[in-house]
Amino acid sequence: MKVHLVDGTFELFRAYYGVPPAHDASGRPVGAVRGILATLLSLLREPGVTHVACAFDHVIESFRNELFAGYKTGEGIDPDLLAQFEPAERAAAALGIVVWPMVEFETDDALATAAARFRDAPGVEQVVICSPDKDLSQCVVGSRVICRDRLRRADRDEAGVVAKFGVPPASIPDWLALVGDAADGIPGIPGWGEKSAGTVLARYGRIEAIPDDPAAWDVAVRGRDRLAASLRGRREDAALFRRLATLRTDVPLVEELADLEWHGARRGDLEALCREIGA
C-alpha cells in the first residue's frame, strides 16, 4: 500500500488563489473550501490511494515563534482566506479523511512525524508527501518516502533532492539555515546562496563541520573568504535557523496506520457542508 500525506494548508492556499472567489448565501467566503473539496476528491479518485491523512495549520503560529521573533505569523494573510481555515478542516473530515489540526506544531511537523512512523510499517510500499514545500525534502528516504507536487505532477525522491538542492535530505535543514526561507521568515546567513550552500554542504554535510578558516576548505567555491567570515560571525544564528528549519518527528498523532484507511465520505456531514457552502 501507499500512504498519502497531504499538506492541507498548501492545498487551501492553492485553492484560494487558484479559483474564483465565491461566497455563501450569508456572504461568507467559501471559494477555497470548494476548491479543497475538489482537489481532495481528485486525490481520492486516483488509483492506489487507500490510506490518507491531511494536516492543517489550525493557527499560523507555533512553538517556533517563541524561538525567533522574526518567524512567520498570520500577519498579512487575507482575512477571507483565514476565515476558511476551519471550514477546510471540516471539509477534509467530511470526506472521510483523517485530519490533523496543528496548534503547537505545524503542518510540516505532522507530515514528518507520520512519514517517519509509517514508512517501515508492514505492508507499506511507499509514503507520498503531497506538497512542493522544500522543507519536507528532509523527510525523503530513497524512493520509499517521496514528495509529490500534485500541481506539476512531479515526484521528488532522494536523487531528486540531491539534483535540486545539491545536498541529501539530511542536510536540508542546514541548507535552509544558510540560504534562508522567506516563506517561514528565516533570513539565512548573509552572502550564502543556493549554489554556495549546496557546494559546501555537499562536502561537509553539517554547518558545524564547515571550518572557520577558509584556507582549510577543501572544496572550490567562489568567495569562500567572504562566506567563511559571514558564517564565522553568525554561528549561533545559523544553529538557531537550522533548529527552526528542522521538522519535528514527535508530534503526538493518535492514529495508527489502519486508521488512515479511507472508507468513503461521511455522507451526512458532507451533504450538510455542501449545503452550507453552496457546493
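These numbers were taken from a predicted model, which means no experiment stands behind them.

A. Broad picture of the state of the cysteines. Evaluated as defined, the whole model comprises zero disulfides. Counting only cysteine sulfurs, Cys54 is the nearest neighbor of Cys130, a cysteine outside any disulfide, at a range of 9.1 Å. Unpaired in this structure, Cys274 has its nearest cysteine sulfur neighbour in Cys54, at a distance of 16 Å.

B. Region of the structure containing the pattern of salt bridges. Evaluation of the coordinates by the stated rule reveals 24 salt bridges. Between Glu106 and Arg64 there is a salt bridge, and its shortest N-O distance comes to 3.0 Å. Here Arg64 lies in helix H3 (residues 64–67) and Glu106 lies in the loop between strand S3 (98–102) and helix H6 (107–118), a separation of 42 residues in the sequence. Neither residue differs from the other here; Glu106 and Arg64 are each classed as buried. Between Arg144 and Asp120 there is a salt bridge, with its nearest N and O atoms 3.6 Å apart. Placement of Arg144 in the loop between strand S4 (126–130) and strand S5 (145–149) and of Asp120 in the loop between H6 and S4 is noted, with a sequence separation of 24 residues between them.

Thresholds applied
Residues numbered from 1 in each chain as written. Predicted model: local features only at pLDDT ≥ 70, side-chain atom pairs only at ≥ 80, totals over all residues. Heavy atoms only, no water. Disulfide = S-S within 2.5 Å. Salt bridge = Lys/Arg side-chain N within 4 Å of Asp/Glu carboxyl O. Helix = DSSP H or I, 4+ residues; strand = E, 2+ residues; numbered from the N terminus. Buried < 20%, exposed > 50% of the residue type's maximum accessible area, 1.4 Å probe, protein only.

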